[in-house]
Amino acid sequence: MRTVPDAVTERLSDLGNVQVAVPVLVLAMAYSVRRSRSWAPAVTAGLAMALVPAVIVPLKEWTARPGPLEPWAAGYYPSGHTATSAVAYIGAALLIGPFTRRPWPMASALALTGATAAGLILRGWHWPLDVLASCFLCTPLLLAVAHAVRRTDAPVGGQGLPRT
């Protein structure tokens, strides 16, 4: 049994680092504002990212769950890296998706989030339930971003988004 993770799983888990994921969201926010001239979806996505620690950290403190390879350490449930990657990448896809009218933004976001989760599990930093819980906990944040995107009027140079 392998106990030392390899470079691939390390790189995959690094996709959930703030330094990697948040710039992707910031670029998508800037693109969204530039194209739609509406700040609401971008601000909502930024707030969703800012709320990730408020959702995740209290549960880490409360559960004090040990990690798979570090049973003496606590604070592994839920996964902050998974939450960061989900909100950053899926939020970015929600922001730029209406301008592409293609499935690649969301497919890419789901692949990046899944790769992050797989890397964290295979690296031994998280149990599968840790990453699954983070995905469920971030769903309301991402639904708020999706709602803000749907409520946006016509993007400049493109067709309008449907209002709900």
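Not measured: the values here are computed from a predicted model.

Draft legend 1. Inspection of unusual backbone geometry at higher detail. One non-glycine residue with positive phi stands out, namely Arg 37, at about 60 degrees. In this fold, Arg 37 is placed in the loop between α2 (18-36) and α3 (40-63). The exposure class of Arg 37 is exposed, given its relative accessible area of 62%. Phi is positive for Arg 101, which is not a glycine, with a value near 55 degrees. With respect to the secondary-structure elements, Arg 101 resides in the loop between α4 (80-100) and α5 (104-123).

Draft legend 2. Seen up close, the packing of aromatic side chains. All told, the structure shown has one aromatic pair when counted by the stated rule. Aromatic pair Tyr 31 and Phe 99: ring centres 5.7 Å apart, planes at 85 degrees, arrangement edge-to-face. Linking Tyr 31 in helix α2 with Phe 99 in helix α4, this pair joins segments that are 68 residues apart in sequence. Owing to a relative accessible area of 34%, Tyr 31 belongs among the partly exposed residues under this scheme.

About the thresholds
Residues numbered from 1 in each chain as written. Predicted model: local features only at pLDDT ≥ 70, side-chain atom pairs only at ≥ 80, totals over all residues. Heavy atoms only, no water. Helix = DSSP H or I, 4+ residues; strand = E, 2+ residues; numbered from the N terminus. Buried < 20%, exposed > 50% of the residue type's maximum accessible area, 1.4 Å probe, protein only. Phe/Tyr/Trp six-rings, centres within 6.5 Å; stacked < 30°, edge-to-face > 60°.

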